[in-house]
Amino acid sequence: MRNIMTYVKQNKWKFFATLVLVGGLFFAFNTFNTANSETSEIRHRKLLSTIGRLLESEHYSPRVIDDKFSKEVFDAYLKTLDPEKNILLQSDVDSLKVFATTIDDEIHGAAIQFEPAATAIYERRAKEIKAIFESIIDKPFDFTTDDSLMVDTDKMNYAANKAERVKRWNDAIKYKVLDRYVSLLEDREKHAKTKAEKAVADSSKIKDTLKDNFIVKTDMELEADARATIKKNYIKRFSLLEKTFDKEKRFESFLNSITSLMDPHTDYFAPIEKRSFTEQMSGTFYGIGAQLTQDDNGVKIASVQPGGAAWKSGLIVVNDVIVKIAQGAEEPVDVTGYETTEAVKLIRGDLGSEVRLTVRKPDGTTKVVVLIREKIVLDEGFARSAVIQNGNEKIGYILLPDFYADFEREEGARCSKDIAKEVEKLKAEKVKGIIIDVRYNGGGSLYEVVQMAGLFIDKGPIVQIRSKEGRSQILSDETPGILYDGPLVVMVNEFSASASEIFAGAIQDYKRGLIVGSTSSYGKGTVQRNVAFGKPLDAMGIQTEYGAVKLTFQKFYRVTGSSTQRKGVVPDVVFPDDYEFLKYREKDNPSALPWDEMERAKFSPWTSSNEIATIAAKANNKIKNDTATIRFKKNLQWVSAQVDKSVALEINKYRQYKKEIQNVIQQNENILKLKTPMTVSALKADYDKFYNNPDKTKQDRYQAWLKMVAKDIQVNESSKLLTAFAKPNLIAKKG
């Protein structure tokens, strides 16, 4: 019954989402109807003006695109081109200021002048900085001078002249080399200490201890090694920028400089990026069935999936280096120097389409391998479970990395369905309580989070949404009954956003379970939909001719009427957290929309919720008075304060500074380190996936995940909280 209800409500929601954006979709598609013969300049102009009209007419809270907005775009794009302010000169910026108040005119249809002018200067300066780097890196550095490096570029102006720019590069490279050099000195000192200790422990083995493979080098040799490492890293970085940050990529960055000023979550996706985003949401893509990795030799085959296209060909093996990638008979792209993620985007494509890989074999020979893309399911990104043995009690643990949903395929993956399956398996294991971990979960499908929350509460409202016109709607779980009514903990942190916050907020508002984590979740209370441009390039309409804009068109609110925007969800129990004092949350972004609230929805809190307040109060009191936690917070504040300070480039000062940082970080790691790992095991139903998996590398990753969970102190503390609940009453009223 629930599957039928899910399908009906699913399609109703898709229809509603289409209606909301039907005007924008129609006008976007009709703008691009003669694309085949147009130049890139015409295409860019159409795309820019189309996005501009879309932002002004459909965004939830559109800003006026005027001279003030234009100036902000000007600054934002230059920051994108030169985030460290070591490429452009102040004179370059001054010369471009003629466009500072005309970008709004370009967005409204005038000829595009600013971006081409800026990119022309960037290309010229990029060649210059490569030459500057090469002139610096081959000369030894003097680490005895009392120099320092300002690391907060927001406090810096652009270089006044070429000499100042050279000085900035010299200091920046010196810092990189110094850090590597000090690490090499530390390695040498550790080796010498270990060697001496062995010799003292057993003088008869002194000769043996001398026969090791560690080559003792002089200071001069170590400094040269440090420069060689930094040189290799930068050469790779320059090569990647030259190949991937081309004119089209820079124009895409320009468009995102505009969209991001509306709010942090309105983005432009180029066609290939749009496909990548859809793949991430659905957990499904079309590829060759191979995992890639990267080392000094390039992008390599790390593993081959049994049954996949690469495996069936018999021509692709582990350690093959991918040199070129071609789409069918098209001209191949040389991917030497590419990052793995960029190579993956080229390998993936449409179902049944052809991709040609030029690979260099371990013996040095090269071969062109023709493969036909097949359906690949990223099941490692789906929900997964484990059982924690806490004394005589079993605790269920579910990790949910994303609120994924494949709306394009009737049998596609849905996180709500997967969570329901995991809960059923855990109930079969007779667990006392369940932990649902949405730490680092950035969100996903609004529909799916409503369905998922409904597994743990009786029918009722889950989230409220409001449009720009002020129209509101309540999204509710409409199916009576509960799949699981036992003790529940939801784990969040400052990277838990959007759908994660809806889920955690609903569980908290209904007093259905304990929310534990950092002082607040991320604070994203906005809803986005993709508006595609141009005609579809594949049968599913996933990839379109001109890409798409992920547009903010609604805000969501908790059933209490409060928005999560900027404020996030405040946990019932607050744990110590590594990232607490770093500015990563929504409230730290200047373009974030404001917090507000709306009317409270009618809902009935959980009737068996008295334990929650008692358990939370005891836990918070214990944490508050814990000396280790107090020390942890002080250490974290100190480390966070160092981020904005200048760094000494004199070796003794730097070594002292690095030692202080390392000591404080080590203290905090020890505080958060679980002294004795928990006993964590795979579910009986999942035994084969963990221990008899035909894909050995995947099996190893699953087993490594179990070990990682076993060492997680926050999971351990959450499991202890669950054991404090009274005996659960597991029922299955939904199914």
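Residues numbered from 1 in each chain as written. Predicted model: local features only at pLDDT ≥ 70, side-chain atom pairs only at ≥ 80, totals over all residues. Heavy atoms only, no water.

Give a detailed account of a positive patch on the surface, specifying residues and quantitative values.
On the surface, Lys 673, Lys 675, Lys 707 and Lys 711 cluster together into a patch of positive charge. Examined against the element boundaries, Lys 673 turns out to sit in the loop between helix H20 (651–672) and strand S22 (679–681). Given the relative accessible area of 53%, Lys 673 is considered exposed. (Patch = residues over 30% accessible without salt bridge, like charges linked within 9 Å, V, L, I, M, F, W, Y side chains within 5 Å. Areas by Shrake-Rupley, 256 points an atom, 1.4 Å probe, with all protein chains shown as cover. Salt bridge = Lys/Arg side-chain N within 4 Å of Asp/Glu carboxyl O. Lys, Arg positive; Asp, Glu negative; His and termini not counted. Charge placed at Lys NZ, Arg CZ, Asp CG, Glu CD. Helix = DSSP H or I, 4+ residues; strand = E, 2+ residues; numbered from the N terminus. Buried < 20%, exposed > 50% of the residue type's maximum accessible area, 1.4 Å probe, protein only.)

Go over the side chain of Ser 500, please, and point to the residues and values.
By the secondary structure assignment, Ser 500 is in helix H17 (residues 499–509). Take Ser 500: its relative accessible area is 0%, and that puts it in the buried class. Discounting chain neighbours no more than four positions away, the residues touching Ser 500 are Phe 403, Val 438, Asn 441 and Gly 443. (Contact = heavy atoms within 4.5 Å.)

How would you explain the packing of helix H15 (residues 415–428) against helix H16 (residues 446–453) if you had to name every residue and give the values?
The interhelical angle for the contact between H15 and H16, taken along N-to-C directions, is 25 degrees, at an axis separation of 8 Å. Overall, the two elements H15 and H16 adopt an arrangement that is roughly parallel. The handedness of the crossing between H15 and H16 is right-handed. Contact residues: Cys 415, Ser 416, Lys 417 and Ile 419 in H15; Glu 448, Gln 451 and Met 452 in H16. (Axes fitted to C-alpha atoms, helices over the stretch in contact; angles between N-to-C directions. Parallel < 35°, antiparallel > 145°, perpendicular 65-115°, else oblique. Left-handed = near helix turned anticlockwise from the far one by under 90°.)

How would you summarise the nonpolar core if you had to cite specific residues and measurements?
Across soluble globular proteins, nonpolar side chains have a tendency to be buried as a group. Grouped together as the largest cluster of nonpolar side chains are 65 residues, with contacts concentrated most on Leu 78, Phe 114, Ile 173, Phe 254 and Phe 533. Residue contacts for Phe 114: discarding those within four places in its chain leaves Phe 74, Tyr 77, Leu 78, Leu 96, Phe 99, Ile 103, Glu 106 and Phe 254. Judged by nonpolar contacts, the second largest core, of 50 residues, contains Ala 383, Ala 420, Val 423 and Tyr 510. (Core = buried A, V, L, I, M, F, W, Y, C linked by side-chain atoms within 4.5 Å.)

Account for the sheet that holds strand S12 (residues 393–399), naming residues and giving values.
Across the sheet, which stays open at both edges, the seven strands sit in the order S20-S17-S16-S13-S12-S11-S22 with mixed pairing between neighbours. Each edge of the open sheet carries a strand with a single partner, namely strand S20 (573–574) and S22. Across the sheet, H17 lies against strand S13 (433–437), strand S16 (488–492) and strand S17 (514–517), angled at about 140 degrees from S16, the strand it touches most. Packed onto the sheet, helix H22 (residues 696–710) meets strand S11 (384–390), S12 and S22 and runs at close to 45 degrees relative to S11. (Pairing = 2+ DSSP bridges.)

For the side chain of His 59, give the residues involved together with the corresponding values.
Counting through the fold element by element, His 59 comes out in the loop between helix H3 (40–58) and helix H4 (67–81). Here the side chain of His 59 touches Ser 61 through a polar contact of 2.9 Å, landing on its backbone nitrogen. Among residues more than four places away in sequence, those in contact with His 59 are Leu 54, Met 262, Asp 263, Thr 266, Lys 468, Leu 551 and Thr 552. (Polar contact = N/O pair within 3.5 Å; in protein donor to acceptor, adjacent residues only side chain to side chain.)

Can you break down H15 residue by residue, with the values?
Since the α-helix turns once every 3.6 residues, residues separated by three or four places project in the same direction. With 14 residues, H15 extends 20 Å from end C-alpha to end C-alpha; this agrees with the ideal 20 Å at 1.5 Å per step. Looking only at H15, the buried set comprises Cys 415, Ser 416, Asp 418, Ile 419, Ala 420, Glu 422, Val 423, Lys 425, Leu 426 and Lys 427. Contacts made by the buried residues of H15 are with S11, S12, S13 and H16. Immediately downstream of H15, the backbone of Lys 430 shows phi near 60 degrees, a positive value. (Expected span 1.5 Å × (residues − 1).)

Describe the pairing of S17, with residues and values.
Burial along S17 is two-sided: the residues Leu 514 and Val 516 and Ile 515 and Gly 517 are all buried. Judged from the four bridges that link them, S16 and S17 form a sheet pairing that is parallel. Bridge pairing in S17 links Met 491 to Val 516. Between the parallel elements S16 and S17, the chain passes through H17 in a crossover that is right-handed. (Right-handed = clockwise from strand over helix to strand, strands pointing away.)

Talk me through the pattern of salt bridges; I want residue IDs and the actual numbers.
The tally for this structure, following the rule as stated, stands at 47 salt bridges. A salt bridge links Glu 242 to Lys 130; its shortest N-O distance comes to 3.2 Å. Of this pair, Glu 242 sits in helix H10 (residues 219–244) while Lys 130 sits in helix H7 (residues 114–137), and the two are 112 residues apart along the sequence. On the basis of relative accessibility, which here comes to 52%, the residue Glu 242 falls in the exposed class. Residue class for Lys 130 comes out partly exposed when judged on its relative accessible area of 29%.

Distances and angles like these do not, on their own, reveal function.
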